[in-house]
Amino acid sequence: MISVAAIVAVLILVMGIALYSPALSVQTIEFEGNKLVSEDTLQEALAPVMSRPLPQVTGADVSSLLRPVVQVKSSRIEARPPSTLVVHVVERVPVALLKNGSAYSLVDQDGVELGTTKEPAKAGLPLIDGGKAAIGKDTFQAMTGVLATLPKSILSQLANASAKSRDTVELKLTDGRSVIWGNASDMELKAQVLEALLNAPLPTVPAGKPAPVPAKVFDVSAPRHPVTR
C-alpha cells in the first residue's frame, strides 16, 4: 500500500517539474483591454517574463513591470497552459486637458499625464484652469471626479470645468451654455439628469406663437429638482 509520505513526495516532484519545466515556459503574451497603449509597448515592458516558467509568473511581477507604462492603471493575469500568459489591462482614461506651455496635457482623474497635444479641439476634452499646478488640489479632484462620471457624449461637448471649492463645480459647454453641478453627491444621478436635459427635444410651438428662449443654464446641483433658465 502506498504510504502518505510517498504520495506527498510524488506531489512535490510533480509540482517541482511544473514550476521549472521548459514545456510550461511563457512563449506568448496576449493582452486584453488595452486601447490607448499599443501592444508593442506592453510586449516590450513584459519582455523579462518571456521564457520564464508560467507557474512562476505572478500578478505582482507583471504589475511591477507595467508600472512605467503610465496608461496602465491596473492589471490581472491569467495563465493558459502550456505557454500563454494573458494580461487583462485596465487603462487610465483621459478626462481633461491642462495647459502646459504651448501644448496641452491629457490627464486622467488622478492627474496622471497620459499624453500631450497641440490641438486641444481635437482631443474632445474640457480644459481645467491652472495648468499642472492644479493637480492635487481639492478643487482638481472635485472637477475630475465629475468629468470621470460623465458619458463621453457630454464630455466631448465641454469647453472647460471650474470650481471655487469642492462644492461649487461648474461646467461650460462649447456652445456657451453652462452647467451648475455643485458637490460630489448623487454623481450618477446628476449625469443622467444632465444627459436627459441636454438631449431633450425642443417643445412644439403653436403657429403664431413665439418660440421659447432656449435654456442657457442647467442646474443639476439638486438632481431630483433640476432647474433650467
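## Considering the environment of Gly-33
Line of reasoning, step 1. Inspection of the secondary structure assignment puts Gly-33 in the loop between strand 1 (28-32) and helix 2 (39-45).
Line of reasoning, step 2. For Gly-33, a relative accessible area of 49% gives the class partly exposed.
Line of reasoning, step 3. Linking Gly-33 and Val-72, residues 39 residues apart in sequence, is a C-alpha distance of 10.0 Å.
Line of reasoning, step 4. Excluding anything up to four places from it in sequence, Gly-33 contacts Val-89 and Glu-91.

## Considerations on the packing of aromatic side chains
Line of reasoning, step 1. For the structure on display, the rule yields 0 aromatic pairs.
Line of reasoning, step 2. A cation sits over an aromatic face here: Lys-99 above Tyr-104, 5.4 Å from the ring centre.

## Some points on the pairing of strand 9 (residues 169-173)
Line of reasoning, step 1. With burial as the criterion, only one face of strand 9 is covered, namely that bearing Val-169, Leu-171 and Leu-173; the residues Glu-170 and Lys-172 on the opposite face remain uncovered.
Line of reasoning, step 2. Pairing of strand 8 (residues 158-163) with strand 9, which is carried by 5 bridges, proceeds in the antiparallel orientation. Note on strand 9: the bridge partner recorded for Ala-163 is Val-169.
Line of reasoning, step 3. Adjacent in sequence and paired antiparallel, strand 8 and strand 9 are bridged by 5 residues.
Line of reasoning, step 4. If you look at the hairpin formed by strand 9 and strand 10 (residues 178-182), you'll find 4 residues sitting between the two strands, and Gly-176 has a positive phi there, around 100°.

## A word on the sheet that holds strand 2 (residues 72-80)
Line of reasoning, step 1. Reading across from one edge, 1-3-2 is the order of the 3 strands in this open sheet, with mixed pairing throughout. For this open sheet the edge positions go to strand 1 and strand 2, each flanked by a neighbour on one side alone. Direction aside, neighbouring strands of the sheet carry axes that sit 25° apart on average.
Line of reasoning, step 2. As defined by bridge partners, strand 1 adjoins strand 3 (residues 84-91) across 5 bridges and the pair is classed as parallel. Paired with Glu-32 across the bridge in strand 3 is His-88.
Line of reasoning, step 3. Strands in contact with helix 3 (residues 59-66) are strand 2 and strand 3; relative to strand 2, the strand with the most contacts, it is inclined by about 140°.

## Considerations on the pattern of salt bridges
Charged atoms that come close allow side chains of opposite charge to pair.
Line of reasoning, step 1. Counting across every chain of the model gives 10 salt bridges.
Line of reasoning, step 2. Where Arg-224 meets Asp-186, a salt bridge forms, and the shortest distance between an N and an O atom there is 3.2 Å. Residue Arg-224 is found in the loop between strand 11 (217-219) and strand 12 (227-228), and its partner Asp-186 is found in the loop between strand 10 and helix 7 (187-199); the two are separated by 38 residues along the sequence.
Line of reasoning, step 3. When its relative accessible area of 35% is taken as the criterion, Asp-186 is described as partly exposed.
Line of reasoning, step 4. Within the structure, one salt-bridge network assembled from shared partners comprises Glu-30, Glu-32, Glu-78 and Arg-80.

## Looking at the nonpolar core
Line of reasoning, step 1. In this structure, Ile-128, Leu-147, Leu-150, Val-169, Leu-171, Trp-181 and Leu-194 are the most contacted members of the largest nonpolar core, which totals 33 residues.
Line of reasoning, step 2. Filtering out sequence-adjacent residues up to four positions away, Ile-128 remains in contact with Ala-96, Leu-97, Leu-98, Phe-140, Met-143, Thr-144, Leu-147 and Ala-161.
Line of reasoning, step 3. Ranked by size, the runner-up nonpolar core spans 17 residues in total, among them Phe-31, Val-37, Val-62 and Leu-66.

## Remarks on the layout of surface pockets
Line of reasoning, step 1. There is about 360 Å³ of room inside the largest pocket.
Line of reasoning, step 2. Residue lining of the largest pocket: 19 residues in total, with Val-93, Pro-94, Leu-125, Lys-152 and Leu-155 positioned closest to the centre.
Line of reasoning, step 3. Elements supplying a minimum of two residues to the lining of the largest pocket: helix 5 (138-149) and helix 6 (152-155).
Line of reasoning, step 4. Here the residues of the lining of the largest pocket sort into 12 nonpolar, 3 polar and 4 charged.
Line of reasoning, step 5. Considered as a void within the structure, the second largest pocket measures approximately 300 Å³ in volume.
Line of reasoning, step 6. Lining the second largest pocket are 15 residues, with Ala-200, Leu-202, Pro-203, Pro-214 and Ala-215 positioned closest to its centre.
Line of reasoning, step 7. Looking at the lining of the second largest pocket residue by residue, the class counts come to 13 nonpolar, 1 polar and 1 charged.

Definitions and cut-offs
Residues numbered from 1 in each chain as written. Predicted model: local features only at pLDDT ≥ 70, side-chain atom pairs only at ≥ 80, totals over all residues. Heavy atoms only, no water. Helix = DSSP H or I, 4+ residues; strand = E, 2+ residues; numbered from the N terminus. Buried < 20%, exposed > 50% of the residue type's maximum accessible area, 1.4 Å probe, protein only. Contact = heavy atoms within 4.5 Å. Phe/Tyr/Trp six-rings, centres within 6.5 Å; stacked < 30°, edge-to-face > 60°. Lys NZ or Arg CZ within 6 Å of the ring centre and 35° of its normal. Pairing = 2+ DSSP bridges. Axes fitted to C-alpha atoms, helices over the stretch in contact; angles between N-to-C directions. Salt bridge = Lys/Arg side-chain N within 4 Å of Asp/Glu carboxyl O. Core = buried A, V, L, I, M, F, W, Y, C linked by side-chain atoms within 4.5 Å. 1 Å grid on protein atoms, 1.4 Å probe; cavity = no way out; pocket = protein on both sides within 12 Å on 5 of 7 lines; lining within 4 Å. Points joined across faces, edges and corners; volume = space filled by probe spheres on them. Nonpolar A, V, L, I, M, F, W, Y, C, P; charged D, E, K, R; others polar.

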